[in-house]
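Below, each chain spelled out in residue letters.
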Amino acid sequence: MMQGKLIVLEGVDGSGKSTQYEKLCSRLEAENRPFVKLVFPRYDKESSALIRMYLKGGFGSSPNDVNPYAASTFFAVDRYASHKEEWGAHYSSGGLVLCDRYTTSNAVHQGSKLPDDKLGGFLEWLYDFEFRLLGLPRPDLVLYMDVDADCCISGLKHRQTVTNTEGDIHETDIDYLKNCLRAGSRAADVLGWKKIKCVKGGLMRNVDEIHLEVYDEVERMV
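Remember, predicted model here, so these are calculated numbers, not experimental data. (Residues numbered from 1 in each chain as written. Predicted model: local features only at pLDDT ≥ 70, side-chain atom pairs only at ≥ 80, totals over all residues. Heavy atoms only, no water.)

Q: So, helix 5 (residues 116-133): which residues are in play, and what are the values?
A: An ideal rise of 1.5 Å per residue puts 26 Å on 18 residues; helix 5 measures up with 25 Å between its terminal C-alpha atoms. Taken as a whole, helix 5 has its buried residues at Leu119, Phe122, Leu123, Leu126, Tyr127, Phe129, Glu130 and Phe131. Relative to the axis of helix 5, the buried residues are bounded by an arc of 160° and lie together on one face. Turned more than 90 degrees from where helix 5 packs its buried face, Asp117, Lys118, Glu124, Arg132 and Leu133 sit exposed. Just beyond helix 5, the residue with positive phi is Gly135, at close to 80°. (Helix = DSSP H or I, 4+ residues; strand = E, 2+ residues; numbered from the N terminus. Expected span 1.5 Å × (residues − 1). Buried < 20%, exposed > 50% of the residue type's maximum accessible area, 1.4 Å probe, protein only. Arc of directions from axis to C-beta.)

Q: Could you give an account of the environment of Pro34, naming the residues involved and the relevant values?
A: Summarising the element assignment, Pro34 is placed in the loop between helix 1 (17-30) and strand 2 (36-39). Judged by its relative accessible area of 65%, Pro34 falls in the exposed class. Remark: the alpha-carbon pair of Pro34 and Leu96, spanning 62 residues in sequence, is separated by 7.1 Å.

Q: Give a description of the nonpolar core that names residues and reports values.
A: With 54 residues, the main nonpolar core has Val12, Trp87, Leu98, Tyr102 and Trp193 as its most contacted residues. Per-element tally for this core: the top contributor is helix 7 (residues 174-191), with seven residues. Ranked by size, the runner-up nonpolar core spans eight residues in total, among them Leu55, Ala71, Phe74 and Ile169. (Core = buried A, V, L, I, M, F, W, Y, C linked by side-chain atoms within 4.5 Å.)

Q: Residues and numbers for the sheet that holds strand 3 (residues 96-100), please.
A: Judged by pairing direction, the sheet is parallel, and its five strands sit side by side in the order 2-3-1-4-5 without closing on themselves. Strands at the two margins of the open sheet, each flanked by one partner only, are strand 2 and strand 5 (194-197). In this sheet, adjacent strand axes meet at a mean angle of 20° when their direction is disregarded. With four bridges connecting them, strand 2 and strand 3 associate as parallel partners. Its bridge partner being in strand 3, Val36 is matched across the sheet by Val97. (Pairing = 2+ DSSP bridges. Axes fitted to C-alpha atoms, helices over the stretch in contact; angles between N-to-C directions.)

Q: Explain the pairing of strand 4 (residues 141-146) to me, and be specific about the residues and the numbers.
A: Among the six residues that make up strand 4, six are buried, leaving the element largely enclosed by the rest of the structure. Side chains Leu141, Leu143 and Met145 project from strand 4 onto one buried face, and the interleaved Val142, Tyr144 and Asp146 project onto a second face that is buried too. Here four bridges tie strand 1 (residues 5-10) to strand 4, and the two strands are oriented parallel to one another. When the bridges of strand 4 are listed, Leu9 appears paired with Leu143. With four bridges joining them, strand 4 and strand 5 adopt parallel strand pairing. Considered in strand 5, the bridge of Asp146 is made with Lys197.

Q: Please provide a residue-by-residue account of a nonpolar patch on the surface, values included.
A: Among the surface-exposed residues, Leu50, Met53 and Phe59 lie close enough to one another that they form a single nonpolar patch of about 250 Å² accessible area. On the secondary structure map, Phe59 appears in the loop between helix 2 (49-55) and helix 3 (68-92). (Patch = residues over 30% accessible without salt bridge, like charges linked within 9 Å, V, L, I, M, F, W, Y side chains within 5 Å. Areas by Shrake-Rupley, 256 points an atom, 1.4 Å probe, with all protein chains shown as cover. Salt bridge = Lys/Arg side-chain N within 4 Å of Asp/Glu carboxyl O.)

Q: Provide a residue-level description of helix 3, including the pertinent values.
A: Here helix 3 spans only 30 Å end to end across 25 residues, well under the 36 Å set by a 1.5 Å rise per residue. Of all the bends found along helix 3, the most pronounced is centred on Glu86 and spans about 65°. Its side-chain oxygen 2.9 Å from the backbone nitrogen of Tyr69, Asn67 forms the N-cap of helix 3. The positive-phi residue at the C-terminal boundary of helix 3 is Gly94, with phi of around 100°. (Bend = angle between axes of the 7 residues up to and from the residue. Polar contact = N/O pair within 3.5 Å; in protein donor to acceptor, adjacent residues only side chain to side chain.)

Laid out in structure tokens, this is it:
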């Protein structure tokens, strides 16, 4: 059976990842390039029930109240359901799939709960769990939005102001955010993700400039 291409945009909250994902999708749509568009978690689906409980503080007010292995399963179940319901056939027939977050988000967010000396073992477990045991496709390309804590915090505050919303337990814990940056950078190095440098001189680079770099990486892959 022909295998498709799975491309993931990853980054911590406030990194500009979703903006870059939307710009990439819009450009490919304008070029009449067929692909499946996926944004995880799928909050409107039954398979995300445990994710919603977790992020709303149902299992504890801090992300660290739920260990990384348990929390990872919440998000993995939603991806498994999505693969079965929405995009598995398209991918298996050779189609292109673009994801805003994927297994890679567990590496960043749940890996952040562990010290450096235990992170490697967790990453090995995570990829084995989702890609071998659950049978989810492994990404062909992961583009990691590489930012610093100050830019992320600024981005989160701006988003919350614009949307008039409060953040979930991930977004309101600054120490947790900083640990996500540590885990994300390490995961990118260990797992072979492509880092997109989004900060220059202490400030976020121009959105269109970053987009051109993202688009070029995708073009090389597909």
